[in-house]
Amino acid sequence: MLLALASLALATPTRCVAMWTGPVPGCALRGEIVASDAGPNEKSAERALRRQLERVTELWVAAQRTKRATQVDEAFSMCADTVPTRAFVNCFPEPALAAPALCFVELPDPSCWTGEVLQIDAVGWQAVGPGRDAMCKAVDARLVAQNYTDLEARRAVCAASCASKTTVRCPTGR
């Protein structure tokens, strides 16, 4: 137990990003699917990224099915296996994620969000998931308030976009 705590203390917080491009046989998702996450070390960050990539894939598949109800399940039958396992993953140390910080949450998707930057105060790597969740809740609330005629399709697409494209930056020096 003491050895595990010591190795965690010496680990450098890490951010991982992933990208997958489709379509491929068994997964009709088109274009790039991206995801990112962070952790106290590379192994934890990559594990968190794989979970996030699974979530992003499910959301994009749901968005496609919502937009085009006539698409058959076979077109997406392999997405859950293909995207998380075949995505290009890049992990890199980000020492700034080690300390408590005021982190900035952004979603660069004008079709889903106003461009407003949210803030979250936490240890950097721990801010990524909650920051993304806060942004996605705000995006959904905004869409509901707009009362679009195609609300369900917009909500599905924006949920996928938010889970995929939201970034959390935690600059040092507060």
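Thresholds applied
- Each chain carries its own residue numbering, running from 1 in the direction its sequence is written.
- Local features in this predicted model are restricted to residues of pLDDT 70 or higher, and side-chain atom pairs are both shown and tallied only at a pLDDT of 80 or more, whereas totals for entire chains, interfaces and linings draw on every residue.
- The side-chain numbers reported here are obtained from all heavy atoms of the structure, hydrogens and water having been left aside.
- Here a strand pair is declared whenever DSSP counts at least two bridges between the two strands.
- Strands are runs of DSSP state E lasting at least two residues, helices are runs of H or I lasting at least four, and both sets are numbered from the N terminus onward.
- Only C-alpha atoms enter the line fits that serve as axes; for helices the fit covers just the stretch in contact. Angles between N-to-C directions range over 0 to 180 degrees.
- Only heavy atoms enter the contact rule, under which two residues are in contact if any of them lie within 4.5 Å.
- Expected helix span is computed as 1.5 Å times (number of residues minus one).
- Note on classification: 1.4 Å probe, protein chains only; a residue is buried when its accessible area is under 20% of the maximum for its type, exposed when over 50%, partly exposed between these limits.
- Pairing of N or O atoms within 3.5 Å defines a polar contact, subject to two protein rules: one partner must be a possible hydrogen donor and the other a possible acceptor, and residues neighboring in sequence count only if both atoms are side-chain atoms.
- Only Phe, Tyr and Trp rings take part, Trp by its six-membered ring, and two of them pair if their centres are within 6.5 Å. Stacked means planes under 30 degrees apart, edge-to-face means over 60, and tilted covers everything else.
- Both a distance and an angle decide whether a charge sits over a ring: NZ of Lys or CZ of Arg must be within 6 Å of the ring centre and within 35 degrees of the ring normal.

Engineer: Quick rundown of the sheet that holds strand β1 (residues 14–24)? Include the residues and the values.
Structural biologist: In space, the 3 strands of this open sheet follow the order β2-β1-β3, with antiparallel pairing throughout. Each edge of the open sheet carries a strand with a single partner, namely β2 (27–39) and β3 (88–93). For this sheet the average axis-to-axis angle between neighbouring strands, irrespective of direction, equals 10°. Across 6 bridges, β1 lies against β3 in antiparallel orientation. Paired with Arg15 across the two strands is Phe92, which belongs to β3. In the packing of helix α2 (residues 42–67) onto the sheet, the strands contacted are β1, β2 and β3, and the crossing angle to β2 comes to about 145°. Along the sheet, helix α3 (residues 79–86) contacts β1, β2 and β3; its crossing angle with β2, the most-contacted strand, is approximately 50°.

Engineer: Kindly report on α2, identifying the contributing residues and their values.
Structural biologist: Relative to the 38 Å expected for 26 residues at 1.5 Å per residue, α2 spans 37 Å between its end C-alpha atoms, a close match to the ideal helical length. Buried within α2 are the following residues: Ser44, Ala45, Ala48, Leu49, Gln52, Leu53, Val56, Thr57, Trp60, Val61, Ala63 and Gln64. Contacts from the buried residues of α2 go to β1, β2, α3, β3, α4 (124–146) and α5 (151–165). For α2, the N-terminal cap is Asn41; the gap from its side-chain oxygen to the backbone nitrogen of Lys43 is 3.2 Å.

Engineer: Describe the packing of aromatic side chains, with residues and values.
Structural biologist: Taken as a whole and assessed by the stated rule, the structure comprises 0 aromatic pairs. One cation-aromatic arrangement involves Arg154 over Tyr148; the distance from NZ or CZ to the ring centre is 3.6 Å.

Engineer: So what's going on with the environment of Val117? Residues and values would help.
Structural biologist: Relative to the helices and strands, Val117 is located in the loop between β4 (100–106) and β5 (118–123). Between the C-alpha atoms of Val117 and Leu107, which are 10 residues apart in sequence, the distance is 7.9 Å.

Engineer: So what about the environment of Gln119? Which residues, and what values?
Structural biologist: Note on placement: Gln119 falls in strand β5. In this view, Gln119 contacts Leu102, Cys103 and Phe104; residues no more than four positions away in its chain are not counted.

Engineer: Provide a residue-level description of unusual backbone geometry, including the pertinent values.
Structural biologist: Of note, the amide linkage connecting Gly22 to Pro23 takes the cis form, showing an omega dihedral of 15°. Mapped onto the elements of the fold, Pro23 is located in strand β1. The backbone phi angle of Asn147 is positive, close to 55°, even though this residue is not glycine. Along the chain, Asn147 falls in the loop between α4 and α5.

Engineer: A description of the sheet that holds β5 should follow, citing residues and the corresponding values.
Structural biologist: One open sheet holds the 3 strands; their spatial order is β5-β4-β6, and the pairing between them is antiparallel. Since the sheet does not close on itself, it has two edges, and those belong to β5 and β6 (167–169), each with one partner. Going across the sheet, the axis of each strand differs from the next one's by a mean of 30°, ignoring polarity. Strands β4, β5 and β6 of the sheet are contacted by α4, whose axis makes an angle of about 155° with β5.

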